[in-house]
Amino acid sequence: MELVAANGSDRGYAVSLLEASDLPTDLDGTALYVARIDGERVGCGGLEVHGTDALLRSIAVDPAVRGEGFGSEITDRLCAIAADRGVSGLYLLTTTAAEFFEKRGFERIDRERVPDPIARTSQFTTTCPASAVSMRRVL
């Protein structure tokens, strides 16, 4: 699988996939990536970096290929990209996929333990409901 920065039509594909997956599409400040297999787009994901911490955003896999491990691979590759950028703490919010992320090394944490730059993102302040599970992975 190839994970590349989204631009042009890739960005439109990613936004459409996020909408179809009922995920937020407010991507200001998010480096968005598109996953490809043999040139065909199969999913997307993003990172919103704030110093040594980052927010994992918008992991989505095309319905035609769900269950084939692409979500895990996208997550792993984004973790590696974050680590390469000097990120030591990777955070996320989820309403539906806490178990998925726990299997990939994330732990549930109280929102009060999230660093201020992450807590001030739109994901934490307005986009995700208070019921969303807050998670962290130390890189």
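Residues numbered from 1 in each chain as written. Predicted model: local features only at pLDDT ≥ 70, side-chain atom pairs only at ≥ 80, totals over all residues. Heavy atoms only, no water.

Observations regarding the pattern of salt bridges
Move 1: On inspection of all chains with the given rule, the structure shows seven salt bridges.
Move 2: Here R77 makes a salt bridge to E73, at a shortest N to O gap of 2.8 Å. In this pair, R77 and E73 are both assigned in helix α2 (residues 70-84), four residues apart and thus about one turn of the helix distant.
Move 3: Taking relative accessible area as the criterion, R77 reaches 30% and is therefore assigned partly exposed. (Salt bridge = Lys/Arg side-chain N within 4 Å of Asp/Glu carboxyl O. Helix = DSSP H or I, 4+ residues; strand = E, 2+ residues; numbered from the N terminus. Buried < 20%, exposed > 50% of the residue type's maximum accessible area, 1.4 Å probe, protein only.)

Description of the sheet that holds strand β5 (residues 89-94)
Move 1: The sheet built from seven strands is open, its strands ordered β1-β2-β3-β4-β5-β7-β6 with mixed pairing. At either end of the open sheet lies a strand with only one pairing partner, and these are β1 (2-5) and β6 (107-108).
Move 2: Of the strands in this sheet, β1, β2 (31-37), β3 (40-50) and β4 (53-61) are in contact with helix α1 (residues 9-20), which crosses β3 at around 90°.
Move 3: Each of β1, β2, β3, β4, β5 and β7 (133-138) is contacted by α2, which is oriented at about 155° to β4, the strand it contacts most. (Pairing = 2+ DSSP bridges. Contact = heavy atoms within 4.5 Å. Axes fitted to C-alpha atoms, helices over the stretch in contact; angles between N-to-C directions.)

Digging into the environment of A119
Move 1: One can find A119 in helix α4 (residues 116-119).
Move 2: Separated by 28 residues in sequence, A119 and Y91 have C-alpha atoms that sit 9.7 Å apart.
Move 3: Discounting chain neighbours no more than four positions away, the residues touching A119 are V114, F124 and T125.

As for α1
Move 1: Along its 12 residues, α1 runs 16 Å from first to last C-alpha, staying within 8% of the 16 Å computed at 1.5 Å per residue.
Move 2: Every buried residue belonging to α1 is among D10, Y13, A14, L17 and L18, and all of these are buried. Looking straight down α1, one finds that the buried residues subtend no more than 130° of arc, so they occupy a single side. The exposed set on the far side of α1, more than 90 degrees from its buried face, consists of S9 and A20.
Move 3: Of the surrounding secondary structure, the elements contacted by the buried residues of α1 are β1, β2, β3 and β4.
Move 4: Positive phi shows up at D22, right after α1, with a value of about 55°. (Expected span 1.5 Å × (residues − 1). Arc of directions from axis to C-beta.)

A short note on unusual backbone geometry
Move 1: The backbone of D22 sits at a positive phi, close to 55°, despite the residue not being glycine.
Move 2: Positive phi, close to 55°, is recorded for S58, a residue that is not glycine.
Move 3: You can see S58 is positioned in strand β4.

Topic: the packing of aromatic side chains
Move 1: Under the defined criterion, the tally for this structure stands at two aromatic pairs.
Move 2: With a centroid separation of 5.0 Å and an interplanar angle of 90°, the aromatic rings of F100 and F101 are classed as edge-to-face.
Move 3: Given a relative accessible area of 25%, F100 falls into the partly exposed group.
Move 4: On the basis of relative accessibility, which here comes to 8%, the residue F101 falls in the buried class.
Move 5: Ring pairing ties together the aromatic residues F100, F101 and F106, which thus form one cluster. (Phe/Tyr/Trp six-rings, centres within 6.5 Å; stacked < 30°, edge-to-face > 60°.)

Structural notes on the nonpolar core
Move 1: Counting residues in hydrophobic clusters, the biggest one holds 23 residues, and the most contacted among them are L56, L78, L90, F101 and F106.
Move 2: At the level of secondary structure, the elements contributing two or more residues to this core comprise β2, β3, β4, α2, β5 and α3 (98-102).
Move 3: Setting aside its immediate chain neighbours within four residues, L56 contacts G46, L47, T75, L78, L90, Y91, L92, F101 and F106.
Move 4: Counting residues in each nonpolar core, the second largest holds 10 residues, with Y13, L27, C44 and A60 among its members. (Core = buried A, V, L, I, M, F, W, Y, C linked by side-chain atoms within 4.5 Å.)

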